[in-house]
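The chain contents come next:
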Amino acid sequence: MTIPLACQEQLLPGAGLSEKYALAVSLGYQGIELRGRGDLALARRLPELRRARAEGVVMPTVCVEMDHFIGDFDPERSRDAVRNLRSQLSVIAELGGIGAMTPAAWGMFSRRLPPFEPPRPPEGDRQVLVDALGELGEHARAEGVALFLEPLNRYEDHMVNRLDEAVALCRAVGLPSVRVVADTYHMNIEEDDAGAALRAAAPYLGHVQVSDSNRYQPGAGHLDWRALLATLDEIGYTGWLALECRLRGEPVAALRQAATVLAQARPRRAAA
């Protein structure tokens with residue numbers, strides 16, 4: 001089975017989602033991954049999103065884009081992140097999508113930079129995340145979608161850096177609606193063996209975001225896309241690939257390069 005490819009909306013030139021989608025399809029993509037800003041911004045876009053869906057735009061997922069997240073040290077900011085994600089899960093369900101994704105946090109704290117020790121102990125981090133993921137998982141299950149937890153590299157987050165750490169939290173929550181995102185850029189930094197990490201996470205893997213080793217589009221760095229896609233094929237991954245990266249070069253040419261590189265890297269099936 002061919003894994004469908006989506007492109008995040010901000011990467012696509014165009015005046016609106018229908019125009020962006022037409023370009024995406026012409027370049028080899030099958031969907032658009034939305035971005036979900038704070039203050040319930042995605043819900044305020046519902047008239048636009050409903051029109052886009054009626055015009056045939058495929059929007060499988062939404063990636064949160066805020067300055068605070070479920071693992072925030074400030075309980076009020078954490079609660080607001082949960083509130084926004086609940087809304088995003090409801091919106092993506094209405095659009096016929098599969099789920100919304102979030103990291104534990106982004107840019108809040110790193111053990112690799114001074115002062116090195118966060119203000120909350122690991123046990124406190126875990127409890128905050130389990131509580132938030134449990135609430136969001138229940139809401140996602142009621143909406144018929146999934147909440148995807150994304151590990152980030154050690155310089156962007158101190159709580160969840162590897163796939164096995166995200167899997168452990170999913171297992172602790174114990175809901176099939178709470179799953180894991182694999183992001184190839186962060187995996188390139190954090191995983192000793194990307195293939196082994198994907199195989200171990202396979203029962204919980206719900207979404208994959210792609211960018212090359214340097215955070216630019218696939219083909220602009222040194223990741224082995226053939227090996228990565230062969231591993232996804234091996235484990236029977238049935239979700240989406242979503243392009244989340246910076247673009248090097250002229251945008252349309254860069255987007256075409258990414259789609260071409262991923263298409264050429266897909267496993268070739270022998271004829272029956």
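This write-up is about the structure you can find in this document. Keep in mind it's a predicted model, so treat the numbers as computed, not measured.

## Some details on the packing of aromatic side chains
The final tally for this structure, using the stated rule, is one aromatic pair. Over the aromatic face of Tyr216 sits the side chain of Arg248, whose NZ or CZ is 4.2 Å from the ring centroid.

## Observations concerning the pairing of strand β2 (residues 31–37)
Most of β2 sits out of view: six of its seven residues are buried. In the sheet, strand β1 (residues 5–8) pairs with β2 via three bridges, with the strands oriented parallel. Directly across from Cys7, in β2, lies its bridge partner Ile32. Here β2 runs beside strand β3 (residues 61–65); their pairing, made up of four bridges, is parallel. Counted as the bridge partner of Leu34 is Val62 from β3.

## Regarding the packing of helix α5 (residues 122–143) against helix α6 (residues 163–173)
At a minimum axis distance of 9 Å, the contact between α5 and α6 shows a crossing angle of 60°. By the angle between their directions, the pair α5 and α6 is classed as oblique. Helix-helix and strand crossings are classified by hand; for α5 and α6 the assignment is right-handed. Every residue of α6 that contacts α5 at Arg126, Leu129, Val130, Leu133 and Gly134 is listed here: Leu169, Ala172 and Val173. Among the residues making up the contact of α5 with α6, the classes are represented as six nonpolar, one polar and one charged.

## Some remarks on the sheet that holds β3
An order of β1-β2-β3-β4-β5-β6-β7-β8 is seen for the eight strands of this closed barrel, with the pairing classed as parallel. Recorded for the sheet is a direction-independent mean angle of 30° between the axes of neighbouring strands. With respect to the sheet, α5 is in contact with β5 (146–150) and β6 (178–183), its orientation differing from that of β5 by roughly 145°. Strand contacts of helix α10 (residues 251–265): β1, β7 (205–210) and β8 (241–243), with the helix running at about 155° to β1, the strand carrying the most contacts.

## Notes on the environment of Arg83
Its place among the elements puts Arg83 in helix α4 (residues 75–94). Between the C-alpha atoms of Arg83 and Ala132, which are 49 residues apart in sequence, the distance is 10 Å.

## Focus: the pairing of β1
Both faces of β1 are covered, namely the face carrying Leu5 and Cys7 and the face carrying Ala6 and Gln8. Where the polypeptide runs from β1 across helix α1 (residues 17–27) and back to β2, its parallel neighbour, the crossover connection is right-handed.

## What about α5?
When the terminal C-alpha atoms of α5 are compared, their 31 Å separation across 22 residues agrees well with the 32 Å that a helix rising 1.5 Å per residue should span. For α5, the set of buried residues is Asp125, Leu129, Val130, Ala132, Leu133, Gly134, Leu136, Gly137, His139 and Ala140. Lining the buried residues of α5 we find α4, β5, α6 and β6. Following α5 by one or two positions, Gly144 adopts a phi angle in the positive range, close to 80°.

## So, the pattern of salt bridges
The final tally for this structure, using the stated rule, is 19 salt bridges. Two residues, Arg77 and Asp72, come together in a salt bridge whose shortest N-O distance is 3.1 Å. Taking the shortest distance from any N to any O, the salt bridge between Arg79 and Glu135 comes out at 2.8 Å. Of this pair, Arg79 sits in helix α4 while Glu135 sits in helix α5, and the two are 56 residues apart along the sequence. Exposure remark for Arg79: the relative accessible area of 47% places this residue in the partly exposed category. The exposure class of Glu135 is partly exposed, given its relative accessible area of 25%. Three or more residues are tied together by salt bridges with common partners; here these are Arg35, Arg37, Glu65, Asp183, Arg215 and Glu244.

Here is what the cut-offs are and how they apply
Residues numbered from 1 in each chain as written. Predicted model: local features only at pLDDT ≥ 70, side-chain atom pairs only at ≥ 80, totals over all residues. Heavy atoms only, no water. Phe/Tyr/Trp six-rings, centres within 6.5 Å; stacked < 30°, edge-to-face > 60°. Lys NZ or Arg CZ within 6 Å of the ring centre and 35° of its normal. Buried < 20%, exposed > 50% of the residue type's maximum accessible area, 1.4 Å probe, protein only. Helix = DSSP H or I, 4+ residues; strand = E, 2+ residues; numbered from the N terminus. Pairing = 2+ DSSP bridges. Axes fitted to C-alpha atoms, helices over the stretch in contact; angles between N-to-C directions. Parallel < 35°, antiparallel > 145°, perpendicular 65-115°, else oblique. Left-handed = near helix turned anticlockwise from the far one by under 90°. Contact = heavy atoms within 4.5 Å. Nonpolar A, V, L, I, M, F, W, Y, C, P; charged D, E, K, R; others polar. Right-handed = clockwise from strand over helix to strand, strands pointing away. Expected span 1.5 Å × (residues − 1). Salt bridge = Lys/Arg side-chain N within 4 Å of Asp/Glu carboxyl O.

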